Amino acid sequence: MAHPPPAEQAMVPASTTVQPLLTPPLVRLLAASLGALGSFYLLIPVVPAFVAGTGGGGTGAGLCTGVLMLGTVLAELAAPALIARHGYRTAVALALLLLGAPAVLPLASSWPPVVLGVCLLRGAGAGIVFVAGAALVAELAPVIRRAEALGIYGAAVGVPSIVCLPAGVWLSTRVGYEPVFVAAAAMALLSLWAARGLPTRTARVEPSPVSRRSKDVGGSARPAVVFGAVALVAGVLLTFLPLSLAATPGLAAVALLVQACATPLARWAAGRYGDRYGGSLLLPAVIAVVVGTVGLGYAQGPWAVIASVTLFGAGFGVAQNVTLALMFACAPESGYARVSMLWNLAYDAGMGIGAVGFGLLVASTGYPAGYALTAAALLPALVPAWRERRRLPADPA
C-alpha cells in the first residue's frame, strides 16, 4: 500500500502521536513525593516507640499515631482550597516544610505536647502531598494515558512504605533515635529543590459536590464507594494480620511484605492497561479482595496464607488505580483536587472504620469467622463495580 504524500502526512491528527508521560514536571513531582513520603513513613513506627521509651507509655504511643492521622485528614480536607489559592508548587513546598522542619523537635524536647504537635504538623504535610500528588498527575498526564500515569505514580509512592517503615525500626534500634529524626528531616527538606520545578497553575475548586451535575456526582460516587469498601478490608488485614498469625510471627512478617510489594505492582499494572480496559478491571479486583480475605480466615499452611495476601494485595492495588482514574474522568480539571481529596478520605475512613469495627467483632467471632464476615461486607460493592465495567478513565460518567 502506497504511503501518503508529505502533504497528506501533515494532515494526520496530532492525537495519534504518543505523548510522553515522564515529563520534567512529573519527574520532579515523583522526586518531591518520594522525599515527602519517605520522611513520613520513616517516623511512623519510630515516634511512638520514642514516646513510649521516654515515659509516655502505650497511651502516649497511641496518641502519636492518632494525632498524626488527624492532621492528615484535616489537611486533606483543606488541600483543595490551598491548591486553588496558591497553586501546586506552593502547596507541595509547604508540605515538605511541614514534614521536615518539625521532625527534629523531639530531640530538643520529649514533652508530650511538643511531640504531639510535631505529629499533627507532619500529618498535615502528608495529607497535602496525598491530595496534591494525585491531582497534579491527573493534570499533567495526557487524558488517554491518565490511568497509566496514575499507575506509575502509585507504584513509585508505594516504595517509601515498603522501605522506610522497616528501616525506621531497624535504624532506631541500632544507631539510636537521633540519626533517624535527622534523616527524616533531611529527606523532606532536601526535596524542596524538586518542588521548585512544579507548575504554578491553579484550579478553581468547586465549593461542594452538589455544584456538579447529578450524573457526574453519581459517576464519581460509585468508584468512591467501592474503594471505601475495599479500604475497609485493608484496614482489617493490615491491623489484625500479625495478631491472627501470632503463633507464627515470621509468617506474619513475610505475609505483610508480600502484600506491601503486590499492591504497588498491581497498581502499576492496572495503570498500564487501565486506559484500555478501564472499569472492567474493577470487578475482578473486588473479587480478588473478597477471595483473599476469606482465604486468610481458613488458610491451612504458610503457602495458603501467602497466596491469600497476594490475591488481596493485587486486588487492592488494582482497585486503587481504577477507582481514582474513573473518579478523575467524572470531573473537570478544576475539580481534580477535590476528587483526590474524596479518594483519600475514602481510603482513610475505610481503613479506620475497618480496623475499629473488626476489633469489636473479632472478640465474639474469632479470626476465621471475622474474616469471612468482613469479606461478606464487601459483597454489596460488587454491584457498583459491575456497573463500572464499560467505562474508561478517559470517558465522562
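See the structure shown above.
This is a predicted model, so every value here is computed, not measured.

1. Section: empty space enclosed by the protein
Inference 1: This model, assessed by the stated rule, comprises two cavities of 30 Å³ or more.
Inference 2: Approximately 90 Å³ is the volume attributed to the largest cavity.
Inference 3: Lining the largest cavity are Phe40, Leu43, Ile44, Val47, Pro48, Cys64, Thr65, Leu68, Val118, Cys119 and Arg122.
Inference 4: Counting residues per element, the ones that place at least two in the lining of the largest cavity are helix H2 (24-43), helix H3 (46-100) and helix H5 (112-140).
Inference 5: The dominant element in the lining of the largest cavity, judged by the number of residues it contributes, is H3, at five residues.

2. A short note on H5
Inference 1: Compared with an ideal rise of 1.5 Å per residue, which puts 29 residues at 42 Å, H5 spans 42 Å between its outermost C-alpha atoms and is within 8% of the ideal.
Inference 2: Extensive coverage of H5 is indicated by the burial of 22 of its 29 residues.

3. Some remarks on the nonpolar core
Inference 1: Membership of the largest hydrophobic core comes to 112 residues, with the highest contact counts inside it found for Leu43, Val47, Val230, Phe328, Tyr371 and Leu378.
Inference 2: Sorting elements by how many residues they give to this core places H3 first, with 18 residues.
Inference 3: Here valine 47 is in contact with Cys64, Val115, Cys119 and Phe181, once residues within four sequence places are set aside.

4. Some details on the layout of surface pockets
Inference 1: Of the volumes computed, that of the largest pocket is approximately 1,400 Å³.
Inference 2: Contributing to the lining of the largest pocket are 39 residues, with Tyr41, Ser161, Leu165, Leu238 and Tyr347 lying nearest its centre.
Inference 3: Elements with a minimum of two residues in the lining of the largest pocket: H2, H3, H5, helix H6 (146-174), helix H10 (249-277), helix H12 (302-329) and helix H13 (336-365).
Inference 4: Looking at the lining of the largest pocket, the element that brings in the most residues is H6, giving nine residues.
Inference 5: Classifying every residue of the lining of the largest pocket by side-chain character gives 27 nonpolar, nine polar and three charged.
Inference 6: Its volume calculated, the second largest pocket comes out at about 210 Å³.
Inference 7: Forming the walls of the second largest pocket are 17 residues, and the residues nearest its centre are Ser244, Leu245, Leu296, Ala299 and Val305.
Inference 8: Looking at the lining of the second largest pocket, the elements with two or more residues in it are helix H9 (214-244), helix H11 (282-298), H12 and helix H14 (367-378).

5. Overview of the environment of leucine 361
Inference 1: Mapped onto the elements, leucine 361 comes out in helix H13.
Inference 2: With 13 residues separating them along the chain, leucine 361 and threonine 374 place their C-alpha atoms 9.5 Å apart.

6. Structural notes on H2
Inference 1: Spanning 20 residues, H2 covers 29 Å between terminal C-alpha atoms, matching the ideal 28 Å at 1.5 Å per step.
Inference 2: In terms of residue burial, H2 counts as a mostly covered element, since 14 of its 20 residues are buried.

7. Regarding a nonpolar patch on the surface
Inference 1: A cluster of nonpolar side chains, Leu70, Leu74, Leu77 and Leu120, forms an exposed patch at the surface whose accessible area comes to about 350 Å².
Inference 2: It is H3 that provides the largest number of residues to the nonpolar patch, a total of three residues.
Inference 3: Mapped onto the secondary structure, leucine 120 falls in helix H5.

8. With respect to the packing of aromatic side chains
Inference 1: Per the counting criterion, the structure on display carries 16 aromatic pairs.
Inference 2: Summarising the aromatic geometry, the rings of phenylalanine 40 and phenylalanine 130 are spaced 6.0 Å apart at their centres and angled 85° between planes, so their arrangement reads as edge-to-face. With phenylalanine 40 in helix H2 and phenylalanine 130 in helix H5, the pair connects residues that are 90 residues apart, well separated along the chain.
Inference 3: Classification of phenylalanine 40 by relative accessible area gives buried; the value is 4%.
Inference 4: Through a chain of ring-to-ring contacts, three or more aromatic side chains come together here, namely Phe227, Phe312, Phe316, Trp343 and Tyr347.

About the thresholds
- Residues numbered from 1 in each chain as written.
- Predicted model: local features only at pLDDT ≥ 70, side-chain atom pairs only at ≥ 80, totals over all residues.
- Heavy atoms only, no water.
- 1 Å grid on protein atoms, 1.4 Å probe; cavity = no way out; pocket = protein on both sides within 12 Å on 5 of 7 lines; lining within 4 Å.
- Points joined across faces, edges and corners; volume = space filled by probe spheres on them.
- Helix = DSSP H or I, 4+ residues; strand = E, 2+ residues; numbered from the N terminus.
- Expected span 1.5 Å × (residues − 1).
- Buried < 20%, exposed > 50% of the residue type's maximum accessible area, 1.4 Å probe, protein only.
- Core = buried A, V, L, I, M, F, W, Y, C linked by side-chain atoms within 4.5 Å.
- Contact = heavy atoms within 4.5 Å.
- Nonpolar A, V, L, I, M, F, W, Y, C, P; charged D, E, K, R; others polar.
- Patch = residues over 30% accessible without salt bridge, like charges linked within 9 Å, V, L, I, M, F, W, Y side chains within 5 Å.
- Areas by Shrake-Rupley, 256 points an atom, 1.4 Å probe, with all protein chains shown as cover.
- Salt bridge = Lys/Arg side-chain N within 4 Å of Asp/Glu carboxyl O.
- Phe/Tyr/Trp six-rings, centres within 6.5 Å; stacked < 30°, edge-to-face > 60°.

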